[in-house]
Amino acid sequence: QVQLVESGGGLVQAGGSLRLSCAASGRTFSTYATGWFRQAPGKEREFVAGITWSGGNTYYADSVKGRFTISRDNAENTVYLQMNSLKPEDTAVYYCAADTTHWRVSRSQYEYNYWGQGTQVTVSS
């Protein structure tokens, strides 16, 4: 079992920055990949970024590459999403997810078996 709790969302102006955190508990954190997804109103949930269990490999959606950075601190059982140069189209509920089944990072939400409750990010123009 894995429990995930996101924090750090909020309202920011376009061009600004936010850092999301996801605190994990339960199963040993350093044994599974984690990812960030987001869902805007009326849209499907989409992959944003993912990181392997060791933190050695990271993956990004094209829409955020160069602006967002995913990282993890296995000693603190926390994964982060640093979001810079935010745009209004980044507005969404952001979810942290854990995949305890596979060793590689998946871009498919269906391969993640644990989810946080989500945190709202709103970017004003």
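As shown above, the structure is provided for reference.
Not measured: the values here are computed from a predicted model.

Draft legend 1. Local environment of the environment of Trp-103. Looking at where Trp-103 falls in the secondary structure, it is placed in the loop between β9 (92-99) and β10 (114-115). In sequence terms Trp-103 and Thr-52 are 51 residues apart; their C-alpha atoms lie 7.5 Å from each other. Ignoring any residue separated from it by four or fewer positions in sequence, one finds Trp-103 in contact with Thr-31 and Trp-53.

Draft legend 2. Structural context of the pairing of strand β3 (residues 18-26). Where strand β1 (residues 2-7) meets β3, six bridges bridge the pair, whose relative direction is antiparallel. By the bridge assignment, Gln-3 is partnered in β3 with Ser-25. Pairing of β3 with strand β8 (residues 78-83) involves six bridges; the strand directions are antiparallel. The partner of Ala-23 across the bridge, within β8, is Thr-78.

Draft legend 3. Local environment of the state of the cysteines. Tallying each qualifying case throughout the model produces one disulfide. Through a disulfide, Cys-22 is tied to Cys-96; the S-S separation comes to 2.2 Å. Here the S-S torsion is close to -80°, and the disulfide linking Cys-22 with Cys-96 is therefore left-handed. Residue Cys-22 is found in strand β3, and its partner Cys-96 is found in strand β9; the two are separated by 74 residues along the sequence. The same class applies to Cys-22 and to Cys-96, which are both buried.

Draft legend 4. Representation of the side chain of Thr-119. Locating Thr-119 in the fold gives a position in strand β11 (residues 119-124). For Thr-119, a relative accessible area of 12% corresponds to the buried category. Contacts of Thr-119, omitting those with residues within four sequence positions, involve Glu-6, Ser-7, Gly-8, Gly-9, Leu-20, Ala-92, Val-93 and Tyr-94.

Cut-offs and rules
Residues numbered from 1 in each chain as written. Predicted model: local features only at pLDDT ≥ 70, side-chain atom pairs only at ≥ 80, totals over all residues. Heavy atoms only, no water. Helix = DSSP H or I, 4+ residues; strand = E, 2+ residues; numbered from the N terminus. Contact = heavy atoms within 4.5 Å. Pairing = 2+ DSSP bridges. Disulfide = S-S within 2.5 Å. Buried < 20%, exposed > 50% of the residue type's maximum accessible area, 1.4 Å probe, protein only.

Everything listed here is a matter of coordinates, which is why it stays silent on function.
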